[in-house]
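Results of the structural survey
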Amino acid sequence: MRTMKAAVFKGPGKIVLDEKPVPTPGAGEALVRITTTTICGTDVHILKGEYPVAQGLTIGHEPVGVIEALGPGVTGYAVGQRVVAGAITPCGQCHTCLDGHPSQCGGKAMGGWRFGNTIDGAQAEYLLVPNAMANLEVIPDGLTDEEVLMCPDIMSTGFGGAESGGIRIGDTVVVFAQGPIGLCATAGAKLKGASRIIVVDGVPARLAMARRLGADIVVDYTRVNPVDEIMRITHGQGADVAIEALGTQQTFESCLRVLKPGGTLSSLGVYSGKLSLPLDAFAAGLGDHKIITTLCPGGKERMRRLMNVVASGRIDLKSMVTHRFRLDQIEQAYDLFANQRDGVLKVAITP
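If you're wondering where the values come from, they're calculated on a predicted model, not measured in any experiment.

Moving on, we get to the side chain of T96. The topology assignment puts T96 in helix α2 (residues 95-98). T96 sits in the buried class, given a relative accessible area of 15%. In contact with T96, other than residues within four places in its own chain, are H101, P102, Q104, C105, G106 and G107.

Quick look at the pairing of strand β2 (residues 14-21) now. Relative to β2, strand β1 (residues 3-11) is paired through 8 bridges, and the arrangement is antiparallel. Bridge pairing in β2 places V8 opposite V16. The turn joining β1 and β2, which pair antiparallel and follow one another in sequence, is formed by 2 residues; a positive phi near 85° is taken by G13.

Okay, the sheet that holds strand β12 (residues 259-267) next. The sheet built from 6 strands is open, its strands ordered β10-β9-β8-β11-β12-β13 with parallel pairing. Taken across any chain shown, the strands that pair with only one partner, and hence form the sheet edges, are β10 (217-220) and β13 (290-293). Direction aside, the axes of adjacent strands within the sheet are offset by 20° on average. Relative to strand β11 (residues 239-244), strand β8 (residues 172-176) runs parallel, the two sharing 4 bridges. Its bridge partner being in β11, V173 is matched across the sheet by V241. Across the sheet, helix α8 (residues 226-233) is in contact with β8, β9 (196-201) and β10; its angle to β9 comes to roughly 165°.

Our focus in this paragraph is the sheet that holds strand β7 (residues 136-138). Backbone-to-backbone hydrogen bonds pair the strands of a sheet. The strands run either parallel or antiparallel. If you walk across this open sheet you meet the 5 strands as β6-β3-β4-β5-β7, and the pairing is antiparallel. The strands lining the two open edges of the sheet, one partner per strand, are β6 (126-129) and β7. If you compare each strand with its neighbour and ignore which way they point, the axes differ by 45° on average. Relative to β7, strand β5 (residues 82-85) runs antiparallel, the two being bridged by 3 bridges. When the bridges of β7 are listed, A85 appears paired with L136.

Right, let's talk about the packing of aromatic side chains for a bit. A complete count under the given rule lists 2 aromatic pairs for this structure. With centroids separated by 5.0 Å and ring planes inclined at 35°, the aromatic side chains of Y51 and W113 adopt a geometry described as tilted. Of the two residues, Y51 sits in the loop between α1 (41-47) and β4 (64-70) while W113 sits in the loop between α2 and β6, which places them 62 residues apart along the sequence. The residues Y51 and W113 share a single accessibility class, namely buried. On the basis of an interplanar angle of 90° and a centroid distance of 5.9 Å, the ring pair of F252 and Y271 is categorised as edge-to-face. With F252 in helix α9 (residues 249-257) and Y271 in the loop between β12 and β13, this residue pair connects regions lying 19 residues apart in the sequence.

The next point concerns the pattern of salt bridges. This structure, assessed with the given rule, holds 18 salt bridges. One salt bridge connects R168 with D171, and the closest N-O pair in it is separated by 3.8 Å. Exposure remark for D171: the relative accessible area of 5% places this residue in the buried category. One salt bridge connects E253 with R257, and the closest N-O pair in it is separated by 3.1 Å. Of this pair, E253 and R257 both sit in helix α9, 4 residues apart, which is roughly one turn of that helix. A relative accessible area of 23% means that E253 is categorised as partly exposed. Three or more residues joined by partner-sharing salt bridges are found here, namely E253, R257 and D280.

Right, let's talk about the layout of surface pockets for a bit. Empty space within the second largest pocket amounts to approximately 270 Å³. Forming the walls of the second largest pocket are G100, H101, P102, S103, Q104, S164, T293, T294, L295, P297, G298 and R302. Partitioned by chemical class, the residues of the lining of the second largest pocket number 3 nonpolar, 8 polar and 1 charged.

Our next topic: the environment of V74. Following the sequence through the fold, V74 ends up in the loop between β4 and β5. Accessibility expressed as a relative area gives 10% for V74, which makes it buried. As for V74 and N131, which are separated by 57 residues in sequence, their C-alpha atoms are 8.7 Å apart. For V74, the contacting residues outside a window of four places in its chain are G28, E29, A132 and M133.

Bringing helix α10 (residues 300-312) into the picture now. It helps to recall that an α-helix has 3.6 residues per turn; residues three or four apart then point in one direction. Given a rise of 1.5 Å per residue, 13 residues ought to cover 18 Å, and the 18 Å separating the end C-alpha atoms of α10 matches this to within 8%. Residues of α10 that are buried include every one of R302, M303, L306, M307, V309 and V310, and no others. On an axial view of α10, the arc spanned by its buried residues comes to 150°, and they lie on one face. The inward-facing, buried residues of α10 contact β5, β7, α4 (145-148), α5 (151-164) and α6 (180-192). G313, located one to two residues past α10, shows a positive phi value of around 85°.

Cut-off values and rules
- Residues numbered from 1 in each chain as written.
- Predicted model: local features only at pLDDT ≥ 70, side-chain atom pairs only at ≥ 80, totals over all residues.
- Heavy atoms only, no water.
- Helix = DSSP H or I, 4+ residues; strand = E, 2+ residues; numbered from the N terminus.
- Buried < 20%, exposed > 50% of the residue type's maximum accessible area, 1.4 Å probe, protein only.
- Contact = heavy atoms within 4.5 Å.
- Pairing = 2+ DSSP bridges.
- Axes fitted to C-alpha atoms, helices over the stretch in contact; angles between N-to-C directions.
- Phe/Tyr/Trp six-rings, centres within 6.5 Å; stacked < 30°, edge-to-face > 60°.
- Salt bridge = Lys/Arg side-chain N within 4 Å of Asp/Glu carboxyl O.
- 1 Å grid on protein atoms, 1.4 Å probe; cavity = no way out; pocket = protein on both sides within 12 Å on 5 of 7 lines; lining within 4 Å.
- Points joined across faces, edges and corners; volume = space filled by probe spheres on them.
- Nonpolar A, V, L, I, M, F, W, Y, C, P; charged D, E, K, R; others polar.
- Expected span 1.5 Å × (residues − 1).
- Arc of directions from axis to C-beta.

What follows is the structure, encoded as structure tokens:
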């Protein structure tokens, strides 16, 4: 039996490199040899025991690789092609997918999130991709692994927050938190036509990156009260759209407090514990506010579109890869990323 290395969840606080059998693709499946992957903030929630997954599961949901084998019934692909699969792998055929909500595939909340959640994930030498014809997209010639590494999750999620927020040309948009997801939301807001993008963070390097990706005004929350500053900048009117990209009570509430009446709060954060609405900021439920959540859009068509954006030169996210590790250094990579040391944004993991 062939074996492979994989980053395996052993319990809260413990993700370790282990050996597992190399899977064999069944009907409709594809086996991908991973060439590059990364660690997500959601993986850190898993590591900390804040999001439950089964012990023994391989973690990770951001795969870039090469087709190693195709299962019965998979057509239109060839062994050796370079591909990406989204972090979300909808079947494309169930009622929920056909109803326009593929991220909630199967009619279950977050049902489309399988890698590193309900099936083995991408932080391994090989990955079994379900519903391959709905989820594998060939990488355009000329694009490197690191240029497309953000497409499976953070680019799709960040752009999704801008899209779900219904940003219109000329809007004022605020993005709270400029981690990888927030930075992509900032870039997405720019592409959607926002005329004034205000971002909030406390890390100078992230604020500088935000400017490069389209932010017009940066607010350092360690120096000023961000709500007061945003209301001053907008002359008391507030923002058309506020995007929450961290997943805390404070940032969620701050988004509400900077929204204009009738504005939209687009929530991307993964929340732990209770989340409450301040009645004054929510206008007791009568302010015509909209609150919408987004789970990373997946599927091969989404990946095709995102890679087209990268190929066109309209966005360059490879500079977000600040650190590189081999798969056999995965525990070191988690230690760095989970503790946010050394200016880390995203890490590239190469088996």
